[in-house]
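Reading the structure
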Amino acid sequence: MEHAPILVHRNSPSGGRRVVIRIRGVDTVLGVAYSDRDLIEFLRRLDIPDSDELVLGDSEAIAWQGGRPHRYEVGEGEE
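Below you will find a few notes about this structure. Keep in mind that this is a model prediction, so the values were computed, not measured.

**What about the overall build of the protein chain?**
- Helix and strand counts for the protein chain come out as two helices and four strands.
- Secondary structure elements in the protein chain, listed N-terminal to C-terminal, are β-β-β-α-α-β.
- For 79 residues, the compact-globule estimate of 2.2 N^0.38 gives 12 Å, and the C-alpha radius of gyration of the protein chain, at 12 Å, lies within 12% of that figure.
- Evaluated residue by residue, the protein chain yields a buried proportion of 30% over its 79 residues.

See the structure below:
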């Protein structure tokens, strides 16, 4: 896999992270996640099996851009 098909963007200043999925070379914004629960729900709606294990198991299918994985608010020392 060249790039992870699911990209969780860096934290926005107001909180939350934009989630994008690449399917057949097309990027689609799934929404803004404010928790792992939101991210799991976005994937569940796409009928991705074991969405909770995918997110909570730190799968290589998910790339976390900027900040620490599983953090949805800007913290000290983060942009």
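**Looking at the environment of Leu 7**
- By secondary structure assignment, the location of Leu 7 is in strand S1 (residues 6-11).
- For the pair Leu 7 and Val 29, spaced 22 residues apart in the sequence, the C-alpha separation amounts to 9.5 Å.

**What to know about the nonpolar core**
- Grouped together as the largest cluster of nonpolar side chains are 15 residues, with contacts concentrated most on Ile 6, Leu 39 and Ile 62.
- Of all the secondary structure elements, the ones that give two or more residues to this core are S1, strand S2 (17-23), helix H1 (36-45), helix H2 (51-56) and strand S4 (62-64).
- The greatest single-element share of this core, amounting to four residues, is contributed by H1.
- Those residues within four positions of Ile 6 in sequence are excluded, and the remaining contacts are Val 19, Val 20, Ile 21, Leu 43, Leu 54, Ala 61, Ile 62 and Ala 63.

**Quick word on the pattern of salt bridges**
- As enumerated under the stated definition, the model contains three salt bridges in all.
- Here Arg 44 and Glu 41 are joined by a salt bridge, their closest N and O atoms 2.5 Å apart. With a gap of three residues between them, Arg 44 and Glu 41 both fall in helix H1, about one helical turn apart.
- In this structure Glu 41 comes out as partly exposed when scored by relative accessible area, which is 25%.
- Among the ionic pairs, Glu 41 bridges to Arg 45, the shortest N-O distance being 3.1 Å. Placement of the pair is Glu 41 and Arg 45 together in helix H1, with a separation of four residues, close to one helical turn.

**Things to note about the side chain of Arg 17**
- The topology assignment puts Arg 17 in strand S2.
- Only 2.7 Å separates the side chain of Arg 17 from the backbone oxygen of His 9, close enough to count as a polar contact.
- Polar side-chain contacts of Arg 17 include one of 2.9 Å to the backbone oxygen of Arg 68.

Parameters at a glance
Residues numbered from 1 in each chain as written. Predicted model: local features only at pLDDT ≥ 70, side-chain atom pairs only at ≥ 80, totals over all residues. Heavy atoms only, no water. Helix = DSSP H or I, 4+ residues; strand = E, 2+ residues; numbered from the N terminus. Rg over C-alpha atoms; globule rule 2.2 N^0.38 Å. Buried < 20%, exposed > 50% of the residue type's maximum accessible area, 1.4 Å probe, protein only. Core = buried A, V, L, I, M, F, W, Y, C linked by side-chain atoms within 4.5 Å. Contact = heavy atoms within 4.5 Å. Salt bridge = Lys/Arg side-chain N within 4 Å of Asp/Glu carboxyl O. Polar contact = N/O pair within 3.5 Å; in protein donor to acceptor, adjacent residues only side chain to side chain.

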